[in-house]
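# Report on the structure
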Amino acid sequence: MLNLIGTYECKADVKGRLMVPAPLKKQLASVAPEGFVIKRAVFQPCLEIYPMKEWDSLMVKMGELNRFNRKNNDFIRRFTAGVKHVELDSTGRLLIPKDLLAFAGLNKELVIATAINIVEIWDKDKYEQAIDDAASDFADLAEEVMGNKSNDGDGIS
């Protein structure tokens, strides 16, 4: 499994292309030849980029959903709405489709944030606001999400 690290500030050009920062490009080098899937995030006003292997694994799980269940169908339709296949060009730029730029409200100033095995692309102001909004609740969230995990020497406290 890919374990991406880093948060980077960058700029998009007028065509919606962004230069992937060198440290992130290095981490993505092994998966870049297969391309990526870019999509709308479910919970936040940002975009998510999945390396193709990660996307394929997720699609295997989604393929196990019963398509005769209306909620499953609605979920699949909404989750995959606006999904596009993208690749880095020869100079390391990523072209963000216009409909996805509009969805996430992306302007010139962007933040690329890694989230374990995917990459999020945010408008810089929206990213900073999301981090600020979550700061006061983070201790409670951390306790709720990770607090019931047994501490088996994994370094999570």
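What counts and how
Residues numbered from 1 in each chain as written. Predicted model: local features only at pLDDT ≥ 70, side-chain atom pairs only at ≥ 80, totals over all residues. Heavy atoms only, no water. UniProt positions renumbered as here; feature names shortened; annotations may be inferred. Core = buried A, V, L, I, M, F, W, Y, C linked by side-chain atoms within 4.5 Å. Buried < 20%, exposed > 50% of the residue type's maximum accessible area, 1.4 Å probe, protein only. Helix = DSSP H or I, 4+ residues; strand = E, 2+ residues; numbered from the N terminus. Contact = heavy atoms within 4.5 Å.

As annotated in an unreviewed UniProt entry, the chain carries the name Transcriptional regulator MraZ and is attributed to Aequorivita aurantiaca. The Sequence similarities (unreviewed entry) field of the UniProt record for the chain holds the comment "Belongs to the MraZ family." For the record of the chain, the UniProt heading Subunit (unreviewed entry) holds the text "Forms oligomers."

### Concerning the nonpolar core
Side chains of a nonpolar character, in soluble globular proteins, are inclined to be buried together. Within the largest apolar cluster, 25 residues are counted, with the highest numbers of intra-cluster contacts made by Leu18, Leu24, Ile38, Leu47, Ile96, Leu106 and Ile121. Elements with a minimum of two residues in this core: strand 1 (7–11), helix 1 (22–28), strand 3 (36–40), strand 4 (47–51), helix 4 (98–104), strand 7 (109–115) and strand 8 (118–123). Looking at this core, the element that brings in the most residues is helix 4, giving 3 residues. Excluding residues that lie within four positions of it along the chain, Ile121 makes contacts with Leu18, Ile38, Cys46, Leu47, Ile49, Leu94, Ile96, Leu106, Leu110 and Val111. Counting residues in each nonpolar core, the second largest holds 8 residues, with Tyr50, Met52, Phe79 and Ile118 among its members.

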